[in-house]
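Remarks on the overall topology
So the chains spell out like this:
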Amino acid sequence: MDDRQRRTGYYLLTLAAIMAAYSVLYYYGMIYFEAERISFLHAVQVVVETFTTTGFGSDSPWRSDVMNLLVIVMDLTGVFIIFLALPVLLFPLFEDRLSRTAPTSVEGLSDHVIIAGYSPRGVALVDELTARDRDHVFVEPDRELADELDAETDRTVIHGDPETAAALRSAGIAEARTLVADVDDEVNASVVLAARSIADCHTVTLVEEPERETYHRYAGADDVFSPRQLIGESLAKKVTAGVTPELDGAIEIAEDFDIVELPVQSGSEIVGRTVADAGIRERTGANIVGAWFRGEFASPPPPDARIDEQTILVVAGRERQLERLKELTLSERRRRDGGPVIVAGFDEVGTTVVDRIDGSVETVVLDRRDIPGVDVVGDVTDEETLREAGIDEASTVIIAVSDDTTTVFATLVVRELNPDVEIIARADATESVRKLYQAGADYVLALATVSGRMLASTILDEEVISFDQQIEIVRVDCGALVGRTLAEADVRARTGITVLAVERDEEVITDLGPDFRIQHGDDLVVAGTDADMNRFAAFVGE
């Protein structure tokens, strides 16, 4: 029994004693002062009516002053005890009993995924699992968070310490497909050790510091991922791609057939034109798979959609076709001026960016901390600090700080100080991506999205060709599409997915017309957003 329950018990006993005392006083008062004999039960009834202000029955009015004074005192006592003390003591007890609490175990699951710790990365993974009808369970050590998630989301959550064998057993680790440890670097290793002591389950961990991967391997982790390192490498590729006409970051689908994202730079030839007026297909031969317009993906893009400096084209074609298109997306002024690249934030992501650029362009590192490698010490949201870093002459600003709110604010400030600069931003949470585009970012890569794709690919044995593009490119089995033509399947209209190529008998077919018929054993190379990919997975599974 906790303190509140104990206090409530004392309160109820005290209330019963006071009511009993008043019942005795009222019983004898009616005899001696009103000359009326009543039963003791009737006296109790009058006291209850008085305390609850529901009436006094047939006894009122009273002739004697003593009885009237007694009733007045009972009135005041009842108001204090019932209407002041009761809500403070008793109602919270009822609320505790009625409020929903997260369970401490789960039953009936098999071949499921256990996720130790709740994070945006885990949410992205669960979205992938849900689309493929895979069960999951979060093991969350924070009681309050576990209760909140259990009450407000449709995700399966239990409360428990994932470092303990008991909690992992309660999550059904003996029947699980994979355990994902996503708390922190030290705890993740401990979770793996606990799992290894009770079950032979596939284990995956995530590390913030790549050098700790070795220790996770020592603990028994089967796979170890460092999403921040991958994000840093991807952001660096966007910088080098923006200053050279060569394709960088293109995904090879087949020999001499690639898909690539091409951000449209301010001042480029096609800025301000509609998709139809730009004549991309006619001028280059490349096919537009889709396009991002200020954070909104359209596949295919409407012919009247206007291309601006925040548009990202997703295109497929042969290398020479894509190189011609890239020429149309680059800014002559930016290539000619060749200003420095400002890297804001020098944690794992920022250091990876600088390492991967490796002197190919001039960099200026900005960070709050005065540590080796930092050129300007200060706040990325401070105008004077940005001017000191050379914002007026910069060609690109990479915002790699770990706080999304700071990233959004920094994007607003940078865009105000230099309307023409290219802004490439890192986001930790997927819900921050659209805000960053609205704030003025040219390219945003979400840590949670990259992590979710990495984990889903490993757990589900799917071949994800690229983790770090704005769209997902996956090689999948044709499933229920066997025997249909592309026109009959109408995949793009139904799911938003674009079929880029078909692998058949070790041959990659990229020339796909509406009459192309899918055969048993074909693998499809498809592209689309995460949401489109989830719809496609459900569609081919019918």
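Located above this text is the structure these notes cover.
**What to know about the packing of aromatic side chains**
Within this structure, the stated rule accounts for 6 aromatic pairs. The interplanar angle of 90° and the centroid separation of 6.4 Å between the aromatic rings of Tyr-26 and Trp-62 together place this pair among those described as edge-to-face. A residue pair is termed long-range when its members are at least 10 positions apart, and Tyr-26 in helix H1 (residues 3-33) and Trp-62 in the loop between helix H2 (40-51) and helix H3 (65-98) qualify at 36 residues. Residue Trp-62 is classed as buried on the basis of its relative accessible area of 9%. An aromatic cluster of three or more residues is present, and its members are Tyr-27, Tyr-28, Tyr-32 and Phe-40.

**Let's talk about the sheet that holds strand S6 (residues 223-225)**
On the basis of which strands lie adjacent, the open sheet formed by 6 strands has the order S3-S2-S1-S4-S5-S6 and parallel pairing. Strands at the two margins of the open sheet, each flanked by one partner only, are strand S3 (157-159) and S6. Each strand of the sheet is rotated relative to its neighbour by a mean of 20°, with strand direction disregarded. Here 4 bridges tie strand S1 (residues 113-116) to strand S2 (residues 136-140), and the two strands are oriented parallel to one another. Paired with Ile-115 across the strands is Phe-138, a residue of S2. Helix-sheet contacts for helix H5 (residues 143-152) involve S2 and S3, and the interaxial angle to S3 is about 155°. Packing against the sheet, helix H18 (residues 447-460) makes contact with S1, strand S4 (178-181), strand S5 (202-206) and S6, and its axis sits at approximately 165° to S5.

**What about the pattern of salt bridges?**
Applying the stated criterion across every chain, the model contains 24 salt bridges. A salt bridge links Glu-384 to Arg-387; the shortest N-O distance between them is 3.5 Å. With Glu-384 and Arg-387 both in helix H15 (residues 383-389) and 3 residues apart, this pair spans about one turn of that helix. The class for Glu-384 is exposed, based on a relative accessible area of 55%. On the basis of relative accessible area, Arg-387 is assigned to the partly exposed category, the value being 38%. Measuring nitrogen to oxygen at the nearest pair gives 2.2 Å for the salt bridge that ties Asp-532 to Arg-535.

**Overview of unusual backbone geometry**
Of note, Asp-111 is a non-glycine position whose phi angle comes to about 55°, a positive value. Its place among the elements puts Asp-111 in the loop between H3 and S1. Judged by relative accessible area, Asp-111 falls into the partly exposed class, the value being 34%. A positive phi angle, near 50°, is found at Asp-490, a position not held by glycine. Tracing the backbone through its elements, the reader meets Asp-490 in the loop between helix H19 (486-489) and helix H20 (491-495).

**A look at the nonpolar core**
Core analysis: the biggest nonpolar cluster contains 86 residues, and Ile-253, Ile-259, Ile-473 and Leu-500 have the highest contact counts within it. Ranked by residues supplied to this core, first place goes to H18 with 7 residues.

What counts, and at which threshold
Residues numbered from 1 in each chain as written. Predicted model: local features only at pLDDT ≥ 70, side-chain atom pairs only at ≥ 80, totals over all residues. Heavy atoms only, no water. Phe/Tyr/Trp six-rings, centres within 6.5 Å; stacked < 30°, edge-to-face > 60°. Helix = DSSP H or I, 4+ residues; strand = E, 2+ residues; numbered from the N terminus. Buried < 20%, exposed > 50% of the residue type's maximum accessible area, 1.4 Å probe, protein only. Pairing = 2+ DSSP bridges. Axes fitted to C-alpha atoms, helices over the stretch in contact; angles between N-to-C directions. Contact = heavy atoms within 4.5 Å. Salt bridge = Lys/Arg side-chain N within 4 Å of Asp/Glu carboxyl O. Core = buried A, V, L, I, M, F, W, Y, C linked by side-chain atoms within 4.5 Å.

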